[in-house]
Amino acid sequence: MTRPGADMNLLNTLRDAALARLGRLQIFSWLTPAELKVLGTSLAMSNYKRGEVIFGESTFVNGAHVLLAGIARLTCLNANNQRVTVDLIPPGPIPELPYPPMRQLDFRYEAYRNCTVGTLDWKGFDTITLHGRETALRKFHQNDLKHWYRLMRRTSGLLKLDLHQRVAITMLDLCEDFGIEDSRGMLLAVPFSHKDIASIVGASRPRVTEHLDQMERDELLSRQGRQFIVSAAKLSSSLAAQAA
């Protein structure tokens, strides 16, 4: 039987770890150490195991949602009423879902890996700093725009991107969010599967595999076991040459 004191020590350890992660997020770089500590103690934290729903359109509560640990994925229903992954979210702000809700798509966030999520209403930022709510709203809004622009860029027919371009763009997005600089390029620390990438770009796994294999032959990416190493500069140049 766990003693109450041990439970409290574990809770304090988890909160200290969450606070340390919070301090490494660029979106909160404007906070002083004292303000960061207040934010860490103000967040209501919840843990989610892989596959669990974090929140959906029907349960989304307005406020700041921060992924402190793990990876979340944004999913929706496709034209065949199948649930597919459309974006992967690294530690940091969790983008707001569309409002009003798009019922036919049924967007929701799930834990791609075990997740720790902190939540705070926007008014709560006023207790942290004089510039709290205004600055937080702006930074969270900028993050929302980045992720929704990515989604539009990968899926919209308006830009007339072929599958090879969409796969390339997705690999660069993954580099930005999950890449670690390596002498060989950007190492994706997470072993994303071809199925994950296919879901994001809206294509079949075999077709995406063909394009990934072609990029490997063109020396735009390589593999280390199940992990990708992306030559981000070369891949960006290749994309620019195709667009010219």
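For the structure, check the block above.
Reading the values: the criteria
- Residues numbered from 1 in each chain as written.
- Predicted model: local features only at pLDDT ≥ 70, side-chain atom pairs only at ≥ 80, totals over all residues.
- Heavy atoms only, no water.
- 1 Å grid on protein atoms, 1.4 Å probe; cavity = no way out; pocket = protein on both sides within 12 Å on 5 of 7 lines; lining within 4 Å.
- Points joined across faces, edges and corners; volume = space filled by probe spheres on them.
- Helix = DSSP H or I, 4+ residues; strand = E, 2+ residues; numbered from the N terminus.
- Nonpolar A, V, L, I, M, F, W, Y, C, P; charged D, E, K, R; others polar.
- Phe/Tyr/Trp six-rings, centres within 6.5 Å; stacked < 30°, edge-to-face > 60°.
- Buried < 20%, exposed > 50% of the residue type's maximum accessible area, 1.4 Å probe, protein only.
- Pairing = 2+ DSSP bridges.
- Axes fitted to C-alpha atoms, helices over the stretch in contact; angles between N-to-C directions.
- Left-handed = near helix turned anticlockwise from the far one by under 90°.
- Contact = heavy atoms within 4.5 Å.
- Salt bridge = Lys/Arg side-chain N within 4 Å of Asp/Glu carboxyl O.

1. Some words on empty space enclosed by the protein
Applying the stated criterion across every chain yields a total of 2 cavities of 30 Å³ or more. Estimated volume of the largest cavity: approximately 50 Å³. Together, Asp-87, Leu-88, Arg-150, Arg-154, Thr-170, Asp-173, Leu-174, Asp-177 and Ile-200 line the largest cavity. Where the lining of the largest cavity is concerned, the elements lending two or more residues are β5 (83-89), α3 (132-155) and α4 (163-178). At 4 residues, α4 tops the list of elements feeding residues into the lining of the largest cavity. For the lining of the largest cavity, the class distribution of residues is 3 nonpolar, 1 polar and 5 charged. The volume enclosed by the second largest cavity comes to roughly 40 Å³. Considering the residues around the second largest cavity, the lining is formed by Leu-74, Asp-87, Ile-89, Pro-95, Tyr-109, His-147, Trp-148 and Leu-151. Listed by contribution, the elements that provide at least two residues to the lining of the second largest cavity are β5 and α3. Looking at which element gives the most residues to the lining of the second largest cavity, the answer is α3, with 3 residues. For the lining of the second largest cavity, the residue count by class is 6 nonpolar, 1 polar and 1 charged.

2. Focus on the packing of aromatic side chains
Using the criterion set out here, one finds 8 aromatic pairs in the structure. Between the aromatic rings of Phe-55 and Tyr-109, the centroid separation amounts to 5.3 Å while the plane-to-plane angle is 70 degrees, which identifies the pairing as edge-to-face. Of this pair, Phe-55 sits in strand β2 (residues 53-56) while Tyr-109 sits in strand β7 (residues 108-111); the two residues are 54 residues apart in sequence, bridging distant segments of the chain. In terms of burial, Phe-55 and Tyr-109 fall into one category: buried. Centroid distance Phe-107 to Trp-148: 5.5 Å. Interplanar angle 90 degrees. Geometry classified as edge-to-face. Residue Phe-107 is found in the loop between β6 (92-93) and β7, and its partner Trp-148 is found in helix α3; the two are separated by 41 residues along the sequence. Residue classification places Phe-107 among the buried residues on the basis of a relative accessible area of 4%.

3. Notes on the sheet that holds β5
The strand order across the open sheet formed by 4 strands is β2-β7-β4-β5, and the pairing between neighbours is antiparallel. In this open sheet, the two strands that pair with only one neighbour each are β2 and β5. Each strand of the sheet is rotated relative to its neighbour by a mean of 25 degrees, with strand direction disregarded. Judged from the 3 bridges that link them, β2 and β7 form a sheet pairing that is antiparallel. Bridged to Phe-55 within β7 is Tyr-109.

4. Section: the layout of surface pockets
Of the volumes computed, that of the largest pocket is approximately 350 Å³. Those elements that place two or more of their residues in the lining of the largest pocket are β6 and α3. Here the lining of the largest pocket takes 5 residues from α3, the largest share from any one element. When its residues are assigned to classes, the lining of the largest pocket shows 6 nonpolar, 5 polar and 3 charged.

5. So, the packing of α4 against helix α7 (residues 232-243)
For any two helices packed against each other, one specifies the crossing angle of their axes together with the interaxial distance. Relative to each other, α4 and α7 sit at 145 degrees, their axes nearing to 10 Å. When the axes of α4 and α7 are compared, the crossing they make is left-handed. Each of His-164, Gln-165, Ala-168, Ile-169, Met-171 and Leu-172 in α4 lies in contact with α7, whose residues at this interface are Ala-232, Leu-235, Ser-236, Leu-239 and Gln-242. The class makeup of the residues in the contact of α4 with α7 is 7 nonpolar, 4 polar and no charged.

6. Here we look at the pairing of strand β9 (residues 179-182)
Note: β9 against strand β10 (residues 185-188), 4 bridges, orientation antiparallel. Within β10, the residue paired with Asp-182 across the bridge is Gly-185. From the end of β9 to the start of β10, which pair antiparallel, there are 2 residues.

7. Details of the pattern of salt bridges
Pairing between side chains becomes possible if they bear opposite charge and their charged atoms approach one another. If you walk through the whole model with that rule in mind, you get 11 salt bridges. Here Glu-110 and Arg-73 are joined by a salt bridge, their closest N and O atoms 3.5 Å apart. Taken together, the residues span a long stretch of sequence, with Glu-110 in strand β7 and Arg-73 in strand β4 (residues 72-77) at a distance of 37 residues. The buried category is assigned to Glu-110, whose relative accessible area is 6%. One salt bridge connects Glu-216 with Arg-223, and the closest N-O pair in it is separated by 2.8 Å.

None of the figures reported here should be taken as evidence of function without further support.
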